[in-house]
Amino acid sequence: MTATQTVERTAEKSRTGDPFVGRAMPRVEDAALLTGVARYADDLPVKPGTLHAAVLRSPHAHAELLGLDTAAALAMPGVAAVVTGEDAKRYASAFLVGVRAPMEHWCLAVDRVRYVGEPVAVVLADDRYRAEDALDHIQARYRPLPPVTSIAQALSPDSEALHPAVGSNIVNSRPFLYGDPDAAFAAAARVVTVEVEYPRNSCTPMECFVVLADYDAAEDSYEVLSNFSGPFAVHPVMARALNVPGSRLRLRTPPHSGGSFGNKQAVFPYVVLMGVCARAAGRPVKWVEDRLEHLMAATSATARRLRIEAAVDAGGKVLALRMEQTEDCGAYLRAPEPASLYRNHGNLTGAYDIPHLALTNRIVVTNKTPTGLNRGFGGGQLYYGLERLMNRVAVELGLDPLDVIRRNLVAAESMPHRTASGGLLDSGDYRATLEEAVRDGALDALKARRDALRAEGRLYGIGYAAVVEPSISNMGYITTVLTAGERRKAGPKNGAQATASVAVDPTGGVSVSVASAPQGQGHRTVLAQVVADVFGLRFEDIRVNTDLDTGKDAWSIASGNYSSRFAGAVAGAAQIAATRLRDRLAALAAAPLNTTPDEVRFAGGKIFASGNPDNALSFSRVAAAGHWAPGTLPDGQEAALRETAFWTPEPLKAPTEADSINSSACYGFIFDFCGVEIDRTTGALRIDRYVTMHDAGRLLNPLLVEGQILGGFAHAVGTALYEEYAYGDDGRFLSGTFADYLVPTACEVPVPVILHRETPSPFTPLGAKGVGEGNCMSTPVCLANAAADALGGAVPSLPLTPARLATLIHPADEPPRPAGTTRSPSAKQPVKPGGRGLTGEGSREVPATPEQVWAILLDPKELAALLPGCEALERAGPDAYRAEVVVGIGPVRGRYTAEVALSDLDPPNGLTLTGSGASALGTGRGTGHVTLERTDGGTRVTYRYSAEVGGKVAAVGGRMLDSASRLLIGQFFEKLVARAGGGGVATERPSLLARLASLLGIRR
């Protein structure tokens, strides 16, 4: 159905009085978004005297913080304060940690830095420009420590402990046992094993973090406006870190948010940090995160290593699993982690009926950005292992992968089905849903296409994935990380309380407010549909407010927009509140209508008796009575003005003594299949056809559901094929722009075939389940299974880039270089791993004798004039200098303090120049070898260099650094030629490089 047909059908239903719920209604939010009048956090006015913040971040992955000299920054005009870790210790506390381990995480580094981009200090100035400039004048001293950059390294007892008090980088390890897996393995016909690693990636909302914070000294309280999305279980964490009770931390959200996909839960450390800044400065503070900061230091999905063994019978039925999951949570276990590891604990066996399970969960820390909630958090990691396993079972037993899935799916007659680990799969007929997808998605035609293309010698494969999508998380699931004894001491935690308020005004208008901050899902549209149906009003009669103010609005610790909880929990709570208010209105109208309250009906803006529709009152008249004439209400009856409902799903209990947990209230079902082709020459993977079938319970608005599925699918394509958080071996972050962190656009994302089957949940008020995260769980492994089918074996780790796939297609060794060829002077040479590696070589003709050139190179004043960006150079020892250099690469520019030394002096024939530097931009070090050769025209200067850079330059300049280095070298020789007194002839043409650099934004 086209969009026009959808709108026309909706209009027809409006005329016929059909319910609004279930209609494909366009979003009411779109008018503000499309006309540019939406108000985001950065659009809102600030208080007079507000200071603007810029954050100094660590250029090192792991180092002791030896000291900060902020005097020069404080002396700059317009700078009001510089906040450091000492202020954090004075005004705040460390954040709560979700496991029993002696590790501390502060809003600012206090002893050492543990990832590139960790906040070290904050400059507060009259405007952001002054604050950013002042960052360059803070002198930070570090002592680098060995970094831990992988799960394997973190598991090694020889790795440097990030948190010395823990004594290890394994901060938690827990075994679990469900059923009798040992007996199942002993009786199995076959044991099938897979080992996979799921890498870091992140969602990338258009709007980054924003925080506006103020401190009221008289009340010892904080007021913060930010685009925090919840869960509001983190509110007590923030309040405790600020050393105030929760009632003295007022959080507000803006009317609109430019996306989140889970990411914006990670703004909470900056809520605390900017609160500390406001208190330290005595003035309001505003901070707006830029894209580099967001990619480098906001949050990411967890990396996970999985090893799964399956006990399998001869027909492909899985009898038991042994699982080992090792979760990389980055430098700190930041709330609500370890959510990503435990969110799916109740559905560890996915959509399959596997009664026996042995599990070991480990959590490790590495010198990388702390992790947090990302769309589908934990699901993509789990299913990547589980569905690769099911595919492997089929391969090893010589079975059709689809038949293996069929044989293991939970049967419809067992619903609600209790999983081995305690999950309660609420409803659905998984097998019938699969068969419907196979039929309506034309799988037979896709198989025929695969066979035909393979006959032509092309690499084509089909992949499958069957998963359950959890929604409405049980607050108690994270406590499964604790032992039963530890849980008894802490007290039970469970539930998923949602809240909504519905009110009527004196004119009969209805307003709705909920404690769920939307980021594009269409909350206002769906809530208006739900409440309009309850009251029998027009859709436009309902006004929905999604701003949240914890100082005034109803909310609970489970509030927030996460875990696909809106349709099932939040919209359900709104229906409950509206129904209660309607029943009170019915009681008020019963006497005038001469009927009983249970016979009162609401439709068409009227309230009437069911047996006599003509006996009616206007909705507005009954609603107005409580406002204008409360004295006329019957004795004992309250005015029907406002109703607030709190609702939590009944099946959500605390973990049992045996560690069983129903970790979510309901579970949708997704079955995907796809066909992909891999280019035999380049390794590029093309999605030829993708079919995704969803049973998400009752669909409240099919148009919005389709948008959510398309969005989740686009995110998943990025995870599977493009997006990669790249780090050097020394922990330097290497993908700080969208030139290096590749996010797919509409051109790279095909439109999938979307199919639906509706099985309402018995556990939610509206029968709805979650739908917005599912393809982030199913699509990456579906594509990987298709790639494995195309290649006839294993696939590399995600993302499935052409380079990685090409290594499986082509021989490992390239043919030798043909005899007589030479390497290009600008070709890259191998450098040691870590950071951004740069190499190069070349030569220039200088119109001076070698002795003259030598004299210039060894004269400090002359050398200072030659070095691009050098503002000062002083002698620090024999043939050693200290320089102040300003360098700009792409969008970043900063001041380096550089140490330069000359060695291997062979006058006037050659020397070696080594240097290292550090600044707010990051760190750099390099070595250059220069030889001087006498020629008829003067001297040929030949150079060869290798260098490494880290920090901002490495993060944002990945595709610019080679050109930038050549440009700077070109500038060096241009100046050398000029000071030697001639024109000269160059083997390289810096004028062309200069033009290219100008196009790239590289400053000269």
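The rules behind these values
Residues numbered from 1 in each chain as written. Predicted model: local features only at pLDDT ≥ 70, side-chain atom pairs only at ≥ 80, totals over all residues. Heavy atoms only, no water. Core = buried A, V, L, I, M, F, W, Y, C linked by side-chain atoms within 4.5 Å. Buried < 20%, exposed > 50% of the residue type's maximum accessible area, 1.4 Å probe, protein only. Contact = heavy atoms within 4.5 Å. Pairing = 2+ DSSP bridges. Helix = DSSP H or I, 4+ residues; strand = E, 2+ residues; numbered from the N terminus. Axes fitted to C-alpha atoms, helices over the stretch in contact; angles between N-to-C directions. Expected span 1.5 Å × (residues − 1). Arc of directions from axis to C-beta. Disulfide = S-S within 2.5 Å. pLDDT = per-residue confidence, 0-100. Salt bridge = Lys/Arg side-chain N within 4 Å of Asp/Glu carboxyl O.

> Go over the nonpolar core, please, and point to the residues and values.
Looking at soluble globular proteins, one finds that nonpolar side chains tend to be buried together. Formed by 170 residues in total, the largest nonpolar core has its most connected members in Val122, Met274, Leu321 and Phe671. When near neighbours in sequence (up to four residues on either side) are disregarded, Met274 contacts Ala53, Val55, Val122, Val211, Ala213, Val285 and Trp287. Core analysis: the next-biggest nonpolar cluster, separate from the first, contains 60 residues, Ala577, Ala623, Ala639 and Cys666 among them.

> Got a sec to walk through the sheet that holds strand S3 (residues 79–84)? Specific residues and values, please.
Pairing in this open sheet of 7 strands is mixed, and the strands run S3-S5-S1-S12-S9-S10-S11 from one edge to the other. On the outer flanks of this sheet lie S3 and strand S11 (249–252), each paired with one strand and no other. Sheet twist, expressed as the average angle between the axes of neighbouring strands with direction ignored, equals 25 degrees. Sitting on the sheet, helix H9 (residues 268–281) is in contact with strand S1 (51–57), S3, strand S5 (119–125), strand S9 (210–216), strand S10 (221–226), S11 and strand S12 (285–288), with an inclination near 40 degrees to S9.

> Requested: an account of helix H15 (residues 443–455), with residues and values cited.
In an α-helix, one full turn covers 3.6 residues, which means residues spaced three or four apart are oriented alike. A rise of 1.5 Å per residue sets the reference length of H15, with its 13 residues, at 18 Å; its end C-alpha atoms lie 19 Å apart and thus fit the reference within 8%. All of the buried residues in H15 are Leu443, Leu446, Arg450 and Leu453. Down the axis of H15, the buried set is contained in an arc of 85 degrees. They therefore lie on one face. H15 presents Asp444, Ala445 and Ala455 as exposed residues on the side facing more than 90 degrees away from its buried surface. Those residues of H15 that are buried are in contact with helix H13 (401–408), helix H14 (430–440), strand S18 (459–473), strand S26 (664–678), strand S27 (685–695) and helix H21 (774–791). Directly after H15, the chain includes Gly457, whose backbone phi takes a positive value near 90 degrees.

> For the state of the cysteines, give the residues involved together with the corresponding values.
Applying the stated criterion across every chain, the model contains 0 disulfides. Considering cysteine sulfurs only, Cys674 is the nearest to Cys782, which forms no disulfide, with 3.6 Å between them.

> Report on the confidence of the model for the protein, specifying residues and quantitative values.
With 89% of its residues at a pLDDT of at least 70, the protein reaches an overall mean of 90. Segment residues 820–834: pLDDT under 50, and 27 contacts once partners within four positions in sequence are set aside and those in other chains are kept. Scored below 50 in pLDDT, residues 983–1004 shows 40 contacts in the model against residues more than four places distant or in partner chains.

> Describe in detail the pattern of salt bridges, supporting the description with residues and values.
Considering all chains together, one arrives at 55 salt bridges under this definition. Of the charged contacts, one joins Asp549 and Arg250 as a salt bridge, the two residues approaching to 2.5 Å between their closest N and O atoms. You can see Asp549 sitting in the loop between strand S21 (542–545) and helix H18 (566–593) and its partner Arg250 sitting in strand S11, a full 299 residues away along the chain. In this structure Asp549 comes out as buried when scored by relative accessible area, which is 9%. In this structure, Arg450 and Asp789 form a salt bridge, with 3.0 Å as the shortest nitrogen-oxygen distance. With Arg450 in helix H15 and Asp789 in helix H21, the pair connects residues that are 339 residues apart, well separated along the chain.

> Just give me the short version of the sheet that holds strand S2 (residues 63–69), but keep the residues and values in it.
Taking strand neighbours across the sheet as the criterion, the 3 strands line up as S4-S2-S6 in an open arrangement whose pairing is antiparallel. Each end of this open sheet is capped by a strand with a single partner; those strands are strand S4 (112–113) and strand S6 (139–144). Sheet topology places S2 next to S6; 6 bridges connect them, and they run antiparallel. What sits directly across from Ala63, in S6, is Pro144.

> Explain helix H23 (residues 850–858) residue by residue, including any values.
All buried positions along H23 are accounted for by Pro850, Val853, Trp854, Ile856 and Leu857. The buried residues of H23 all sit within an arc of 160 degrees when viewed along its axis, so they share a single face.

> Mind laying out unusual backbone geometry, listing which residues take part and the relevant values?
Residues Gly230 and Pro231 are joined by a peptide bond in cis, for which omega reads 10 degrees. Here Pro231 shows up in the loop between S10 and helix H8 (235–241). Along the chain, Ala335 connects to Pro336 via a cis peptide bond; the corresponding omega equals 5 degrees. By the secondary structure assignment, Pro336 is in the loop between strand S14 (318–328) and helix H11 (339–342). The backbone of Asp220 shows a phi angle near 50 degrees, a positive value even though the residue is not glycine. Along the chain, Asp220 falls in the loop between S9 and S10. Although it is not a glycine, Ser564 adopts a positive phi angle of roughly 50 degrees. Its location among the elements puts Ser564 in the loop between S21 and H18.

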